[in-house]
Amino acid sequence: LALVREARRSGTGDFIDLSIQAYVASVLEVAIPAYSYTGNVVTRLHQRSLIPWRIFQAKDRPIFIVCVEQDQWERLVEFMGTPDWTTLDVFADQQNRAENQDLVHTFVQEFVSDWIADDLYHAAQKHRVCVAPVLSLGEISGNEHLRARNFFTQVERGAGESVQHMASAVLGTQGRADIARPAPTLGEHNPDLGTLPAREPAQASTSPTLPLDGVRVLDLTWAWAGPFATLNLAHLGAQVIRIESEKRADLYRRFSVCPEGVEQTLNTSGMFNQWNQGKSSITIDLGSSEGVQLVRELVKHSDVVVQNFATGVIDRLGLGYEALRSINPGIILASISGYGQSGPYREYMGYGPAIPPLTG
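Residues numbered from 1 in each chain as written. Predicted model: local features only at pLDDT ≥ 70, side-chain atom pairs only at ≥ 80, totals over all residues. Heavy atoms only, no water.

## What to know about the pattern of salt bridges
Taken as a whole, this structure holds 17 salt bridges when the rule is applied. One salt bridge connects E139 with R61, and the closest N-O pair in it is separated by 3.7 Å. Highlighted residues: E139 in helix α8 (residues 137–141) and R61 in the loop between β1 (53–57) and β2 (62–66), separated in sequence by 78 residues. Of the residues examined, R61 reaches a relative accessible area of 13% and is grouped as buried. Residue R248 pairs with D71 through a salt bridge whose shortest N-O separation is 3.6 Å. (Salt bridge = Lys/Arg side-chain N within 4 Å of Asp/Glu carboxyl O. Helix = DSSP H or I, 4+ residues; strand = E, 2+ residues; numbered from the N terminus. Buried < 20%, exposed > 50% of the residue type's maximum accessible area, 1.4 Å probe, protein only.)

Right, dumping it as structure tokens:
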């Protein structure tokens, strides 16, 4: 898409060579940095370092729980009623829980087994704990949150027949893009192949540039999903300016993924370095009015803002879409979150590992 955009702008074509293997490697998150920096091979059976992290069995069906940050564990403990076992030193921090994860999971399973999965899901989410039920396709189809977000659409197939499809993945200010027509039946469009409009040939470039050269992106993201999005924009030539906080360093800066003999600092984590190649970085205190004003000044001279704060945070900072558009009418705000910016579950906590259970 970036190359199509550039070809239309410049009249100069390009050549795309896409390796499926390279793309799959790019989305493995932990595996590539772990091997590159430490020589460890991550398998499906490797021991997790963030505990609890598992699918548990509720009364009626399975449910997933993960605590990525210490404060999330503390909220889970409070939600469980602070049972005696949670006060033991062996469960006090991430490292101890990782070393005793079988015990943690056994105790959490005892708690979960008394719950109906949906009841646990909604009650735990009110405590800001990342819990996700394992849904069937039927449950996904009837999900009130997806319905409220118009995630499904009816597509007419002719002869009065219609079928339900998932709509466009992206929800913008104008809604979701329509599905223009159903998939063709076998041979349906064969007669039209000889009548396709002629296209002007693109000229070969003598001084090729990357397709997003000249585009400036403000990167207000952390962890994986947001930084991976802006990493791709940087690879395509955009100038990406990463805005960070000194008060709470990026989760991946705090991950211990660095070569043997290298001191672990906020600048030596392979996880962070992998997903932030090609970006500039500055620290701004978004908790101060001066910091927010500095971001607003940067917005004047930018094209895109990408953020993956919890839903509602960007608006409370005074940096929501309407506020940004008043500064720069052409600005694009891309928001990435587990449940989106609208719908009854919009404030629920979601991490990547919670998506497979939620999607069946």
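## As for the pairing of strand β8 (residues 279–283)
Every regular strand shows the same layout, with side chains that alternate between the two sheet faces. Pairing geometry for strand β7 (residues 239–244) and β8, over 5 bridges, is parallel. Looking at the pairing, R242 lines up with S281 of β8. Between the parallel elements β7 and β8, the chain passes through helix α11 (residues 270–275) in a crossover that is right-handed. (Pairing = 2+ DSSP bridges. Right-handed = clockwise from strand over helix to strand, strands pointing away.)

## Some thoughts on unusual backbone geometry
Apart from glycine, the bulk of residues carry a negative phi angle, and the bulk of peptide bonds sit in the trans form. The omega torsion across I51 and P52 is 5°, close enough to zero to call that bond cis. Here P52 lies in the loop between α3 (31–38) and β1. With phi around 55°, N150 is a residue other than glycine that occupies positive phi space. The topology assignment puts N150 in the loop between α9 (144–148) and β4 (152–158). Given a relative accessible area of 53%, N150 falls into the exposed group.

## Remarks on the packing of aromatic side chains
Counted under the stated rule, the structure contains 17 aromatic pairs. Measuring from ring centre to ring centre gives 5.6 Å for F79 and F111, while their planes differ by 80°; the resulting arrangement is edge-to-face. Residue F79 is found in helix α4 (residues 70–79), and its partner F111 is found in helix α6 (residues 101–112); the two are separated by 32 residues along the sequence. Classification of F111 as buried rests on a relative accessible area of 18%. Here the aromatic cluster, defined as three or more aromatic residues joined through ring pairs, consists of W73, W85, F91 and F107. The ring of F272 carries the charged tip of R253 above its face, separated from the ring centre by 3.8 Å. (Phe/Tyr/Trp six-rings, centres within 6.5 Å; stacked < 30°, edge-to-face > 60°. Lys NZ or Arg CZ within 6 Å of the ring centre and 35° of its normal.)

## Brief notes about the sheet that holds β8
If you walk across this open sheet you meet the 5 strands as β8-β7-β6-β9-β10, and the pairing is parallel. The strands lining the two open edges of the sheet, one partner per strand, are β8 and β10 (332–335). Across the sheet, the mean angle separating the axes of adjacent strands is 20° when strand polarity is ignored. Of the strand pairs in this sheet, strand β9 (residues 304–307) and β10 are connected by 4 bridges, and their pairing is parallel. Pairing of V306 across the sheet is with A334, part of β10. (Axes fitted to C-alpha atoms, helices over the stretch in contact; angles between N-to-C directions.)

## Some points on the pairing of β2
The buried count for β2 comes to 4 of 5 residues, which makes it a mostly enclosed element. Here 5 bridges tie β1 to β2, and the two strands are oriented antiparallel to one another. Across the sheet, the residue bridging to Q57 is P62, located in β2. Hairpin geometry of β1 and β2 is characterised by an intervening segment of 4 residues between the two adjacent antiparallel strands.

## What about the sheet that holds strand β3 (residues 130–133)?
Spatially, 3 strands are ordered β1-β2-β3 in an open sheet, and the strand pairing comes out antiparallel. Edge positions in the open sheet fall to β1 and β3, since each of these has one partner strand only. The average angle at which neighbouring strand axes cross in this sheet is 25°, direction not considered. The sheet strands contacting helix α7 (residues 117–126) are β2 and β3, and the helix crosses β3 at an angle near 155°. (Contact = heavy atoms within 4.5 Å.)

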